[in-house]
Amino acid sequence: MRDRSGRDDPGTKTRRETQVRRDEIAAGLAEVDERIAAACRAVGRDRGEVTLIAVTKTRPAEDVRILAELGVRDVGENRDQEAAPKAAELAGLPLTWHFVGQLQTNKARSVVAYADVIHSVDRVRLVEAISREAVRQGRNVGCLIQVALDDDPARGGARPADVPELADEVALAEGVWLGGVMAVAPLGEEPAKAFARLREVATLVQEQHPRATMVSAGMSGDLAEAIAHGATHVRVGTALLGRRKPFVR
Ligand SMILES: *Cc1c(COP(=O)(O)O)cnc(C)c1O
């Protein structure tokens, strides 16, 4: 049944609406790409060293499809309830799925089924749960150790002092590979200072695990500071796709 706007149902966008959204996303992508390129130039890094992860949480699958058509290959989600159906719907697209949110061990089974890389590994129990599920499902899942750059336990992350041991755990576990480290800049501190501490932790991890070169840091507001401090993966939502509804992380 069509309503007066010519839609088949209220959830289906008209071709014109889809085109408008595509233009918006293309503009956001061009702008973010230019910010990444400028941040690389500013510190003499090669643009190819930094991968953009489009954080698509709270966005419909259609936005992810548009991003894929525009050449984005890495997408990030932070809630399993939302990510699992989205990843299933878009399973045919050439996308690498990054899970960037805090993860409970009882969600490991679901997340391992679609996530290629989990950025929020911050405790041994979680490593064990991810490894067990990855082996059971025949998957090989990348794990980044999330580093807490402040003392707020609500935001997740391992204390810097605990990171090397956790990295060893991941490196020894089956069904997973150690990618490197991840962090979110704390509130109320200059991001550059926090990312400098992350770089120290990343360097320590790489001394023991030379292939664990990923440094996931930088979001819409602080991607340049992160790139200046060695980020290899920036996780960008708002600057690409617009503001999310309030109170949704
Ligand atoms: C939401 C989120 C992002 C993206 O944040 P923006 O400010 O919208 O770019 C990055 N990383 C994590 C862990 C997130 O939850």
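In the annotation of an unreviewed UniProt entry, the protein is listed under the name Pyridoxal phosphate homeostasis protein and assigned to Nonomuraea coxensis DSM 45129. If you open the UniProt record of the protein and go to Sequence similarities (unreviewed entry), you find "Belongs to the pyridoxal phosphate-binding protein YggS/PROSC family." What UniProt records for the protein under Function (unreviewed entry) is the sentence "Pyridoxal 5'-phosphate (PLP)-binding protein, which is involved in PLP homeostasis."

This next bit is on the site of the ligand. Near the ligand the following residues occur: V55, K57, V100, M182, M219, S220, R235, V236, G237, T238 and R244. Contact between the ligand and G237: an oxygen atom at 2.8 Å from a main-chain N or O atom of the residue. One nitrogen or oxygen atom from the side chain of T238 is found 2.5 Å from an oxygen atom belonging to the ligand. Summarising the interface, the protein chains cover 92% of the accessible area of the ligand, which totals 390 Å² for the free molecule. Class assignment for the residues of the shell around the ligand results in 5 nonpolar, 3 polar and 3 charged.

Attention now moves to the UniProt feature "modified residue: N6-(pyridoxal phosphate)lysine" (unreviewed entry) in the protein. This chain's UniProt record puts "modified residue: N6-(pyridoxal phosphate)lysine" (unreviewed entry) on K57. In this structure, K57 sits in the loop between strand 1 (51–55) and helix 2 (61–69). Using a relative accessible area of 13% as the deciding quantity, one classes K57 as buried.

A few words now on empty space enclosed by the protein. Under the counting rule described, the total for this entry stands at 1 cavity of 30 Å³ or more. Approximately 60 Å³ is the volume attributed to the largest cavity. Around the largest cavity, the lining residues are Q146, V147, A148, L149, D150, R155, G156, V184 and P186. Its residues placed into classes, the lining of the largest cavity shows 5 nonpolar, 2 polar and 2 charged.

A few words now on helix 5 (residues 124–137). Taking 1.5 Å of rise per residue, 14 residues should cover 20 Å, and helix 5 covers 20 Å from first to last C-alpha, within 8% of that figure. Of the residues making up helix 5, those classed as buried are L126, V127, A129, I130, S131, E133 and A134. Contacts from the buried residues of helix 5 go to helix 4 (108–114), strand 4 (117–121), strand 5 (141–146), helix 6 (163–172) and strand 6 (176–182).

Attention now goes to the nonpolar core. Among the nonpolar cores identified, the biggest contains 68 residues, and I36, I118, I130, L198 and V234 are the most heavily contacted of them. Discounting chain neighbours no more than four positions away, the residues touching V234 are I36, V50, T51, L52, I53, A217, G218, L223 and I227. In terms of nonpolar packing, the next biggest core, distinct from the first, is built from 5 residues, L144, M182, V184 and M214 among them.

Before going further, it helps to spend a moment on the UniProt feature "domain: Alanine racemase N-terminal" (unreviewed entry) in the protein. As annotated in UniProt, the feature "domain: Alanine racemase N-terminal" (unreviewed entry) corresponds to residues 47–243 in the numbering used here. Along residues 47–243, the helical share is 40% and the strand share 19%, with 26 Å between the first and last C-alpha atoms.

Rules and cut-offs
- Residues numbered from 1 in each chain as written.
- Predicted model: local features only at pLDDT ≥ 70, side-chain atom pairs only at ≥ 80, totals over all residues.
- Heavy atoms only, no water.
- UniProt positions renumbered as here; feature names shortened; annotations may be inferred.
- Near = heavy atom within 4 Å.
- Polar contact = N/O pair within 3.5 Å; in protein donor to acceptor, adjacent residues only side chain to side chain.
- Areas by Shrake-Rupley, 256 points an atom, 1.4 Å probe, with all protein chains shown as cover.
- Nonpolar A, V, L, I, M, F, W, Y, C, P; charged D, E, K, R; others polar.
- Helix = DSSP H or I, 4+ residues; strand = E, 2+ residues; numbered from the N terminus.
- Buried < 20%, exposed > 50% of the residue type's maximum accessible area, 1.4 Å probe, protein only.
- 1 Å grid on protein atoms, 1.4 Å probe; cavity = no way out; pocket = protein on both sides within 12 Å on 5 of 7 lines; lining within 4 Å.
- Points joined across faces, edges and corners; volume = space filled by probe spheres on them.
- Expected span 1.5 Å × (residues − 1).
- Contact = heavy atoms within 4.5 Å.
- Core = buried A, V, L, I, M, F, W, Y, C linked by side-chain atoms within 4.5 Å.

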